[in-house]
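# Descriptive structure summary
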Amino acid sequence: MAKCRICQTEYQPFIDFGPMPISNNFLSEKDFPREYFFSMKAGFCHSCSMVQLLEQPAADVMFHDNYTFFSGTSRLMAEHFKKFADDIKQNYLSDKASPFVVEIGSNDGIMLQNFAEAPYRHLGVEPSANVARVAQEKGLNSIVRFFNLDTAKEIVTAHGHADAFLAANCMCHIPTLHDIIEGIAHLMAPGGVVAFEDPYLGEVIRNTSFDQLYDEHVFLFSLHSISAAFAQHGFELIDAKPLETHGGSMRYYLSQKGKRPVSPRVKQLLQEEVNLGLLLPETYDKFRLGCEQIRDDLKYLLIKLKRDGKRVVGYAATSKSTTLLNYAGIGPDLIDFISDTTPLKQGKFSPGMHIPVLAAETLQGNYPEYLLLFAYNHQKEIFAKEAQFAKDGGKWIMFVPNVHVVE
Ligand code: TYD
């Protein structure tokens, strides 16, 4: 039994992924013996409907000065964050003279850079110093800190209350969600907007994309669970918007209760969650069976290709791939290497399974017969970039929503 982090109700896990390493800990051979593993199990709280990992490594094991995830690596994501910023400016900040925008998990400033000019005032709060430094080098105001009530108090003293609080792919990382919301409650000006987006539970269930669960993603949110968590601090959902990013995300908009009109979309999306079965325990048992199917089908396919003498290379050393590879037990015996554009990951080995990670250029003129696409959330961009691979007869292996080969 575990206790829900949101409402303290006791619940059972519905899936056990086994021992799991830190998803972004791309490591050198000398560090293999010291590698950190935790037991990764996920559960569903019957009371507030939050889906969460039972155990999560300490925050400083995951977010530190050598954090290997840089948000700015994808061109389409830069466009996405510009649109996010425009939405906030037009719909929530246009009546303010000098709006103050705070973003947490601001990484290399990919979103914040859209608020860098007057009339906006901005501040990023980012715990990993190396990525925050990249933002600072771009001239963005970014402090190296975890966000909580104390940080919120410091910010209010130095800059005043915030008109917008933003986060992208960050809120679901934080097990002490109540501490964050307490900080938000202190930080926000009356009627200020809290807007954040994270991978959406509804899409994970629809697509069986279990790889969205890894050490950093301690929660998979839904409108129901977010409403329950924020209601405890006097906030209500005023809107929500489904997004295509990260294989299916949701952007939640909240404000202090009664301060802003509630969009009819909220009621509609809540009903869709009920229709999808997100409040029913049996949905999660069915999901587990789907995960086992993908795990077994992929392993079977890779073993078969190996026997047939085919080369398979992984495409993009994503955090998500750590869950898939370790859950399925797929290592360098089945995948030659993983190609990735992040310099910090290149020359290292994948967490847990220790598949070599090589520079994306390694692929040029040296395509294998098969590429296994780990970053399926960037499929459009990647298929366009690697058009030559398919032209030369190469085949993509996909595993979401099921294992299949794109001819
Ligand atoms: P993403 O799906 O955002 O990763 P995560 O699961 O960690 O959230 O993908 C980011 C990773 O993918 C990063 O290591 C860079 C790599 N990548 C490539 O190697 N090539 C590409 O064309 C893209 C878009 C990403």
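Now for a quick tour of the structure. These numbers come from a predicted model, not from an experiment. Residue positions are given per chain, counting from 1 as you read along its sequence in written order. Owing to the predicted nature of the model, reporting of local features is limited to residues with pLDDT of at least 70; listing and counting of side-chain atom pairs is limited to 80 or more, with chain, interface and lining totals taken over all residues. As a rule here, side-chain values cover all heavy atoms of the structure and leave hydrogens and water aside.

## Notes on the overall build of the protein chain
Secondary structure follows DSSP: runs of H or I at least 4 residues long count as helices, runs of E at least 2 residues long count as strands, and numbering of each begins at the N terminus. Secondary structure summary: the protein chain contains 12 helices and 19 strands in total. C-alpha atoms define the radius of gyration in this analysis, and the globule rule sets the expected value at 2.2 Å times the number of residues to the power 0.38. Here the C-alpha radius of gyration of the protein chain, 21 Å, is about what a compact globule of 407 residues would show, namely 22 Å. Structurally, the protein chain occupies a C-alpha span of about 65 × 50 × 40 Å along its principal axes. Each residue gets one of three labels from its accessible area relative to the maximum for its type: buried under 20%, exposed over 50%, partly exposed in between, using a 1.4 Å probe on protein chains only. For the protein chain, buried positions account for 57% of its 407 residues. Across the protein chain, the fraction of contacts at a sequence separation of at least 24, relative to all contacts at a separation of at least 6, is 69%. Taken as a whole, the protein chain presents about 16,600 Å² of accessible surface, with 52% of it coming from carbon and sulfur. Across the protein chain, the mean location of the 39 positive side-chain charges is 2 Å away from that of the 48 negative side-chain charges. The contact criterion used throughout is that any non-hydrogen atoms of two residues lie within 4.5 Å. Values of accessible area rely on a 1.4 Å probe in the Shrake-Rupley scheme; residue burial ignores everything except the protein chains shown. Positive charge is attributed to Lys and Arg, negative charge to Asp and Glu, and no charge count is given to His or to the chain ends. In this description, the location of a charge corresponds to atom NZ of lysine, CZ of arginine, CG of aspartate or CD of glutamate.

## A few points about the sheet that holds strand β18 (residues 395–398)
Read across the sheet, six strands follow the order β16-β15-β14-β17-β18-β19 without closing on themselves; strand pairing throughout is mixed. Only two strands of the sheet have a single partner each, and these edge strands are β16 (357–359) and β19 (404–406). Put simply, the sheet's adjacent strands are angled 35° from each other on average, direction ignored. One bridge is not enough; two strands pair if DSSP finds at least two bridges between them. Alignment of strand β14 (residues 312–315) against strand β17 (residues 370–373), held across four bridges, turns out to be parallel. Bridged to tyrosine 315 within β17 is leucine 373. Axis angles are defined between N-to-C directions and span 0 to 180 degrees, where every axis is a line fitted to C-alpha atoms and, for a helix, only to the segment in contact. Along the sheet, helix α9 (residues 281–307) contacts β14, β17, β18 and β19; its crossing angle with β18, the most-contacted strand, is approximately 150°.

Spatial relationships are all this shows, so hold off on functional conclusions.
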